[in-house]
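Coordinate inspection notes
Each chain, written out:
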Amino acid sequence: MVGCRRGDPFTPPDDSCFLVLGFMSGFSSSSVAGRDIVALEGVTKRFPGIVANDSVDLSIRPGEVHVLLGENGAGKSTLIGMLSGLQQPDEGRILVDGKPTPITSPRHALALGIGTVFQHMMLVPTLTVAENLLLGEPWWQRPRTEELAARVAEITGTLGITVKLQAKVSELSLGEQQQVEILRAMLRNSRLLILDESTSMLTPKGIDELGALMRRLVEQGLAIVFITHKLKEAAAFGDRISVLKLGRKVGEIPPERFRTLGEQEIVSEIVELMFGKQKDDPEAVERPVRTARAGADPLLQVTDLAVAATDNAPGLSSISFDIRPGEILGIAGIDGNGQKQLAEALAGQRTATSGSVRLDGAAIETLSVGERRRRGLRYLTDDRLGEGTVGTFPVSINFFLKQVGAAPFWRNGVEQRAEIDKRAAQLVREYDVRTPSLKTPVARLSGGNIQKVLLARELAEGAKVVIFNKPTYGLDLANTLASRQRIRDTAARGLAVLLISTDLEELLGMCDRIAVIADGALVGTVENVDDARTKVGRLMIGLAA
Amino acid sequence: MTGLFSEVFLSALLFGAVTAAIPLLLAGLGEQISEKAGVLNVGIEGMMLAGAYLGFVGAFYSGSLWLGFLTGAAGGAAVALVMALLCVRIGLNQIVIGIALTLGLEGLTALLHHFQFSRSYPRLPAADATVIPLLSDIPVIGPAFFKHHLIVYLAVALVFGMGYIYRRTQLGLNLQAAGDKPAALDVAGIDVVRTRTIAVLTTGALAGLGGAYLANVGAGLFIPFITNGAGFLGIVLAMLARGRPIWVLFGALLFGVCLSLTTAMQVAGINIPTDIIQMLPFLAVMIMLVLFGRRASLPAALGIPYERGAR
């Protein structure tokens, strides 16, 4: 292995050397545990208008996965920003190895042995993996490719991952990119690895792999801070859990207690901490048994729909299904298997090469996007800020983006401000959009509130069939539950709902039937009854139900 | 008309093409560094003018062309320093500042020249050519390509030097990261502002050198607005070259031929209005943009000031 020569760019200075050696030679975690690598004492951080962190204490120890749990806006990212040197606390102090140490820059954080894997990937897409790993060395040096390859082989060997050094980062999946980032932190001899919302982009299999990888890392004596807003992950992967709520730390489950509790008990304890009253997993809702309207004619009938593949998107082939009034059909599958293409082909945003789409009996496959919408087909995109809204437009206009020019909100091409504001105010109340005013640019709202604006717009009068694409992706728990309720209400009103989601729990909790999409084709449809979970799961991994 | 295709005419045309191409080459290579690092340097025309003026003044008073090149490069870098402060450090809009610098330098150099030389345009003695033995004896090509001032060969060598830096060195990696994903560079522990500042200063020095060559070797004198859009052509070259220095060289030679042709056709007395002939290089720009513009790939963070922790 590479020694601890001074000036070696792969090795941090001074005292961290012995720890690294210890980690490499397999120190048992117990011999280094019990001492904080990093501790926060009464750390407060304010931004204009909000207190992002309010007097937070935190102790981070080697050999532990410390889960930071909290909803959107609980202050997790700010806390990470301060640990990784991007931001400085306004009050309180950060102790590294027991000594008060202001972390002044990302470079300083790295030198202290704090490596961070950010929620948004921090790799240069146009460079190869090797080049990305070499970033950060002094500029006058030749890139030390051979030495890098040797060290990478050594580390990946102990962690059981494989990394393609010569591949361009833009060609890697998100899960692979994340492994590269973790590897980079290890190359820099990190003693503390921070994983910020690392599971949000991963497939279920990727999440399990990440969990196993974290376990191997802490067994080697590393400290991990794992940020998530998913209770199950916290319970499954953590040793110690700290719960943040509105910038404050509202509770902690230390490892001793953690070990004595079962997963269900942990979940209910966290829920207790986060929400006060509820005992059960709030995401587990009883699916109301709807009276099947088997007799009714389908509202949406899709037959042999096909879409040609493009350079960066898979095509669709022979997609057939129908949805009756009041029914929710789920589309399950691993992200990137044609879900978006399906939604766009139905909405008319993507040209179908063949097949027919019938809305309430009438063929609509040749109609334009606008005409399909007028006839009652609505599409809630998962790209809320990209194609869903115009970020700089006020909330009020965003409600009517798809009706621009139409009466009563526009007359003879002139905007009717009063009409728009009146109706918008009504929608804001009805859909509980939390916005400072109707004039606030929609991009300033939180993800959950932007989603409410979209819901209000798409579910407005005349809707017959609604396509939801990942409607709860990236939302916090409260907004997730609100969105799901809104979808259920939609179906209950007698509309046909197509619910595309990568969250299997969500589909199992809401749908009447679940179809599984793989490689742009529906590989099977399952009635959502008792054993649906196993059947869908088998279809998703390529086995017949 | 018979003279148009004679050996002498052809080699004079190509010689002129090389002379016209060198300022474009230096400007294009300079712009390429800035763009790699994520700074759209619209001020390059102003940097070239500063280089042309100070380069001429330096050479005029010292009598040494090399000292002229040095003062020219320093002048370009000085303008670039303003750009780096305003656009990289403070994060002001790169296009607005770039235009302001260009317009400001156009006025300033014209004014200074007027104060100094009034309405006279003193000339420098013709530059000494470095004749490459053997190669320069090849008919047509020899006199066209191998009888230039030493700086020409150095500029061409710079093309390969830049290619090496971009593809083989840590500095090249840092520059590309600063342009494509500056946040990634920052968390890797490299100062983005410093990296971009180095890039912009290098751009200024190269553009200034190009301007000094234009005045001292190409024209042998300084007149106001002498660059006549050469800096902007450099921006086009850098954009079309997709980050590869060798394409800047090819592009510069192509434009150089067009520029040389305008002079040659006027000399040959072809019966076309000179205004139309002088449009030729810019017509070439438009044709190149139509043909290759769609394939130009620019760094993702081009033109966006970097601010740590911003989302």
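Predicted, not measured: the structure shown is a model, and the values here were computed from it.

Quick word on the overall build of chain A
- Scanning chain A from terminus to terminus reveals 20 helices and 22 strands.
- The burial tally for chain A puts 43% of its 545 residues in the buried class.
- A separation threshold of at least 6 residues defines the contact pool for chain A, and within that pool the share at least 24 residues apart is 67%.

Remarks on the packing of helix α1 (residues 7-36) of chain B against helix α6 (residues 150-168) of chain B
All names here are of chain B.
- Between α1 and α6, the shortest axis-to-axis distance is 10 Å and the interhelical angle comes to 35 degrees. Every pair of crossing elements has a handedness; the one defined by α1 and α6 is left-handed. Residue-level contacts link Val18, Ile22, Leu25, Leu26 and Leu29 of α1 to Val152, Ala155, Leu158, Val159 and Met162 of α6.
- Of the residues contributing to the contact of α1 with α6, the split by class is ten nonpolar, no polar and no charged.

Overview of the interface of chain B and chain A
- Contact residues are listed per partner, giving 19 residues for chain B and 23 residues for chain A.
- Looking at the side of chain B that touches chain A, the element that brings in the most residues is helix α7 (residues 170-180) of chain B, giving seven residues.
- Here the side of chain B that touches chain A is composed, by residue class, of nine nonpolar, six polar and four charged.

Remarks on the sheet that holds strand β9 (residues 240-245) of chain A
Residue and element names in this part refer to chain A.
- Taken together, the six strands give an open sheet; going across it, the order is β6-β7-β8-β3-β9-β10, and neighbouring strands pair in mixed fashion. Looking at the sheet topology across the chains shown, the edges are occupied by β6 (114-117) and β10 (248-253). Averaged over all adjacent pairs, the angle separating strand axes in this sheet is 20 degrees, with direction ignored.
- In the packing of helix α7 (residues 174-187) onto the sheet, the strands contacted are β6 and β7 (192-196), and the crossing angle to β6 comes to about 175 degrees.
- Here helix α8 (residues 204-219) sits on the sheet in contact with β3 (65-69), β7 and β8 (223-228), set at roughly 155 degrees to β8.

Some thoughts on the confidence of the model for chain A
Residue and element names in this part refer to chain A.
- Per-residue pLDDT for chain A has a mean of 81; in total, 86% of the residues score no lower than 70.
- Here helix α1 (residues 16-24) stands out as the least confident element of chain A, with mean pLDDT 38; strand β20 (residues 496-500) is the most confident, with 94.
- Contacts for the low-pLDDT stretch residues 1-33, under 50 throughout, to residues beyond four places or in other chains number 45 contacts.

Here's the deal with helix α20 (residues 532-540) of chain A
All names here are of chain A.
- Those residues of α20 that fall on the buried side of the exposure criterion are Ala532, Lys535, Val536, Leu539 and Met540. An end-on view of α20 places all buried positions within 135 degrees of arc, on one side of the element.
- For α20, the elements touching its buried residues are β13 (328-332), α19 (504-510), β21 (513-518) and β22 (521-527).

Structural notes on the environment of Gln341 of chain A
Residue and element names in this part refer to chain A.
- With respect to the helices, strands and loops of the structure, Gln341 is situated in helix α12 (residues 339-347).
- For Gln341, a count of 25 C-beta atoms within 10 Å puts it in the buried group.
- Each C-alpha atom of the pair Gln341 and Val307 lies 7.8 Å from the other, and the pair is 34 residues apart in sequence.

About the criteria used
Residues numbered from 1 in each chain as written. Chains lettered and ligands numbered in written order. Predicted model: local features only at pLDDT ≥ 70, side-chain atom pairs only at ≥ 80, totals over all residues. Helix = DSSP H or I, 4+ residues; strand = E, 2+ residues; numbered from the N terminus. Buried ≥ 20, exposed ≤ 12 C-beta atoms within 10 Å, placed from the backbone. Contact = placed C-beta atoms within 7 Å. Axes fitted to C-alpha atoms, helices over the stretch in contact; angles between N-to-C directions. Left-handed = near helix turned anticlockwise from the far one by under 90°. Nonpolar A, V, L, I, M, F, W, Y, C, P; charged D, E, K, R; others polar. Pairing = 2+ DSSP bridges. pLDDT = per-residue confidence, 0-100. Arc of directions from axis to C-beta.

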